Each structure stands twice: as C-alpha cells, then as structure tokens.
Amino acid sequence: MAAYDVHHARVLSRTEPRTGIDPFMNLVTQVMNQEPYASAKRVFWIVDNGSSHRGQKAADRLTSAFPNALVVHTPVHASWLNQVEIYFSVVQRKVVSPNDFTDLAQVRDRLRAFEDRYNATAQPYQWKFTTSDPDDLLARLDRHTADHQEESSAQPTT
C-alpha cells in the first residue's frame, strides 16, 4: 500500500498481508501522524473506488479519524489521474514482474528498495497549465478549424 505526496514527489508505503479497511487505515494513520500532514490545514486523499475506501462511508471514516483529511474519489476508469496509480504501474511492470519470489519478505524488500530509489530521484511535476490556458487552447482550435474550413470551401481556380 502506498500514498504519494505530489508536492514532494515522495512515496510513503507499508506492506500488509492483505488489503482492506484496516490496512488502508493503517497507511492513513502512518502518513497522517507525521509532518507536514499532521499539522496541515487539509490533506487530500485521492483514491480510486477500491473496496477499502469506496463511498461516503470511507470518507466519513477517514475524516472522523483525521479531521484535516479529505477524500476525493477519482471517476471510475480514471485511475490514471491518481499519481500513486502511475507509481503502481511502474512497480507492476518493472519491480515485481516476473513473480520470482520465494516468500513475502522478498517482495517487501524489493518494494522497499524500489521506494527508496524512487524517492531519491523523483522530482515533483511542475504543472504549467494555468487557468487561462484552456480558453487560449480552445480559441486556437477554433481559429485553426475556421482556417481549414475556408481553405476547403474555396473554389479551385483553373
């Protein structure tokens, strides 16, 4: 299980023998009891619709335990929006494949080693898209479409 701090490009993880509400809450507790999360005004937990954190009941459970924690569910089939899911994608393709482990301790050690390597080299993504950029993009697309419509409707000269 892992959480991803997008401001610092840092993974915080733990290994559990199974998934579920208690293991998820163990991860949340691990993260929320350390700084800067413990004293933050708000900490957004972007989660998919997994059974351990699905729905309003999960959001209420998290906020009850940590009043500064806010759950945000990604839309179904949009896990690519969740940065930790991108991390898991790399883990699945590069770290634990093929499954050549003799016990869970080896899996844990491999995951921890990758997390350490990732945290040592990762850089926060510098988002450069401003609030006015979508309007500018749409205006450029409109101009481009209009220009091409004029070209295609022009009568060919002979």
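The notes below deal with the structure included here. Quick caveat, the model's predicted, so the values are computed rather than measured.

**Comments concerning the packing of aromatic side chains**
At step 1: Enumeration according to the criterion identifies 6 aromatic pairs in this entry.
At step 2: The interplanar angle of 35 degrees and the centroid separation of 5.6 Å between the aromatic rings of Tyr87 and Phe114 together place this pair among those described as tilted. Of this pair, Tyr87 sits in helix α3 (residues 83-95) while Phe114 sits in helix α4 (residues 104-121), and the two are 27 residues apart along the sequence. Phe114 matches Tyr87 in its accessibility class, with the two residues each being buried.
At step 3: Three or more aromatic residues joined by ring pairs make a cluster, and in this case those are Tyr4, Tyr87, Phe88, Phe114 and Tyr118.

**Some points on the nonpolar core**
A general feature of soluble globular proteins is that nonpolar side chains tend to end up buried together.
At step 1: In terms of nonpolar packing, the biggest core is built from 15 residues, with Phe24, Val28, Val31, Met32, Trp45 and Leu62 touching the most fellow members.
At step 2: Contributing elements (two or more residues each) for this core: α1 (21-32) and β3 (43-47).
At step 3: In terms of residues, this core owes the most to one element, α1, which gives 6 residues.
At step 4: Formed by 12 residues, the second largest nonpolar core is a distinct cluster that contains Ala2, Ala9, Val11 and Phe114.

**Re a nonpolar patch on the surface**
At step 1: A cluster of nonpolar side chains, contributed by Tyr125, Trp127, Phe129, Leu137, Leu138 and Leu141, occupies part of the molecular surface with about 690 Å² of accessible area.
At step 2: Judged by relative accessible area, Leu137 falls into the partly exposed class, the value being 35%.

**Some points on the pairing of strand β1 (residues 2-5)**
At step 1: Residues Ala2 and Tyr4 line one face of β1 and the alternating positions Ala3 and Asp5 line the opposite face, and both faces are buried.
At step 2: Remark: 4 residues form the turn of the hairpin made by β1 and strand β2 (residues 10-13), two consecutive strands paired antiparallel; Ala9 in that turn has positive phi of roughly 50 degrees.

**Overview of the environment of Asn68**
At step 1: Along the chain, Asn68 falls in the loop between α2 (55-65) and β4 (69-73).
At step 2: Along the chain, Asn68 and Ala38 lie 30 residues apart, while their C-alpha atoms are 8.3 Å from each other.
At step 3: The contact partners of Asn68, leaving out residues within four places of it in the chain, are Met32, Tyr37, Ala38, Ala40, Lys41, Arg42 and Val43.
At step 4: For Asn68, the side chain forms a polar contact with the main-chain oxygen of Ala40, separated by 2.9 Å.

**Quick word on α1**
At step 1: Taking 1.5 Å per residue, 12 residues should reach 16 Å; α1 reaches 16 Å between its end C-alpha atoms and fits that length.
At step 2: Regarding α1, the residues found buried are Pro23, Phe24, Met25, Leu27, Val28, Val31 and Met32.
At step 3: At its buried positions, α1 is contacted by β1, β2, β3, α2 and β4.

**Comments concerning the environment of Gln56**
At step 1: Considering the arrangement of structural elements, one finds Gln56 in helix α2.
At step 2: You can call Gln56 exposed: its relative accessible area is 54%.
At step 3: Between the alpha carbons of Gln56 and Met1 there is a distance of 21 Å; along the sequence they are 55 residues apart.

**Some points on the packing of α1 against α2**
How two helices pack is summed up by the angle between their axes together with the distance between the axes.
At step 1: Put simply, α1 and α2 touch, their axes get as near as 11 Å, and they point 40 degrees apart. If you check the angle between α1 and α2, you find them oblique. Judged by the sense of rotation from one axis to the other, the crossing of α1 with α2 is right-handed. Here Ile21, Phe24, Met25 and Val28 of α1 lie close against α2, whose contacting residues are Arg61, Leu62 and Ala65.
At step 2: Taken together, the residues of the contact of α1 with α2 sort by class into 6 nonpolar, no polar and 1 charged.

**As for unusual backbone geometry**
Only a minority of non-glycine residues have a phi that is not negative, and only a minority of peptide bonds are not trans.
At step 1: The residue after Glu35, namely Pro36, is reached through a cis peptide bond having omega 10 degrees.
At step 2: Its place among the elements puts Pro36 in the loop between α1 and β3.
At step 3: A positive phi angle is found at Ala9, which is not glycine, with a value near 50 degrees.
At step 4: Counting through the fold element by element, Ala9 comes out in the loop between β1 and β2.
At step 5: Here Ala9 falls in the buried class, since its relative accessible area comes to 1%.

Thresholds applied
- Residue numbers restart at each chain and count upward from 1, following the sequence in its written direction.
- Predicted model: local features are reported for residues with pLDDT of at least 70 only, side-chain atom pairs are reported and counted for 80 or more only, and whole-chain, interface and lining totals are derived from all residues.
- Hydrogens are left out, water is left out, and the side-chain values use all remaining heavy atoms of the structure.
- Here a pair means two rings of Phe, Tyr or Trp (six-membered ring of Trp) with centres within 6.5 Å. Their orientation is stacked below 30 degrees between planes, edge-to-face above 60, and tilted elsewhere.
- In DSSP terms, a helix is any run of H or I states spanning at least four residues, a strand is any run of E spanning at least two, and both are numbered starting from the N terminus.
- Burial classes: relative accessible area under 20% of the type maximum marks a residue as buried, over 50% as exposed, and values in between as partly exposed (1.4 Å probe, protein chains only).
- To qualify as a nonpolar core, a set must consist of buried Ala, Val, Leu, Ile, Met, Phe, Trp, Tyr and Cys residues joined through side-chain atoms within 4.5 Å.
- Nonpolar side chains (Val, Leu, Ile, Met, Phe, Trp, Tyr) are joined into patches within 5 Å and like charges within 9 Å, using only residues with over 30% relative accessible area and no salt bridge.
- Only the protein chains shown count as cover for residues, and all accessible areas are computed by the Shrake-Rupley method using a 1.4 Å probe.
- Put simply, a salt bridge is a Lys or Arg side-chain nitrogen that is within 4 Å of an Asp or Glu carboxyl oxygen.
- Pairing between strands is defined by DSSP: at least two bridges between them are needed.
- Here, two residues are considered to be in contact whenever any of their heavy atoms come within 4.5 Å of each other.
- Counting of polar contacts relies on pairs of N or O atoms within 3.5 Å, with two restrictions inside protein: one atom must be capable of donating a hydrogen and the other of accepting it, and residues adjacent in sequence are counted only when both atoms are side-chain atoms.
- Multiply 1.5 Å by the residue count of a helix minus one, and that product is the helix's expected span.
- Axes, fitted as lines to C-alpha atoms, cover a helix only where it is in contact. Angles between the N-to-C directions of the axes lie from 0 to 180 degrees.
- Orientation labels follow simple angle bins: below 35 degrees gives roughly parallel, above 145 gives roughly antiparallel, 65 to 115 gives roughly perpendicular, and whatever is left gives oblique.
- With the far helix as reference, a near helix turned anticlockwise by less than a right angle produces a left-handed crossing, and one turned clockwise produces a right-handed crossing.
- Think of it as three bins: nonpolar holds Ala, Val, Leu, Ile, Met, Phe, Trp, Tyr, Cys and Pro, charged holds Asp, Glu, Lys and Arg, and polar takes everything else, Gly as well.

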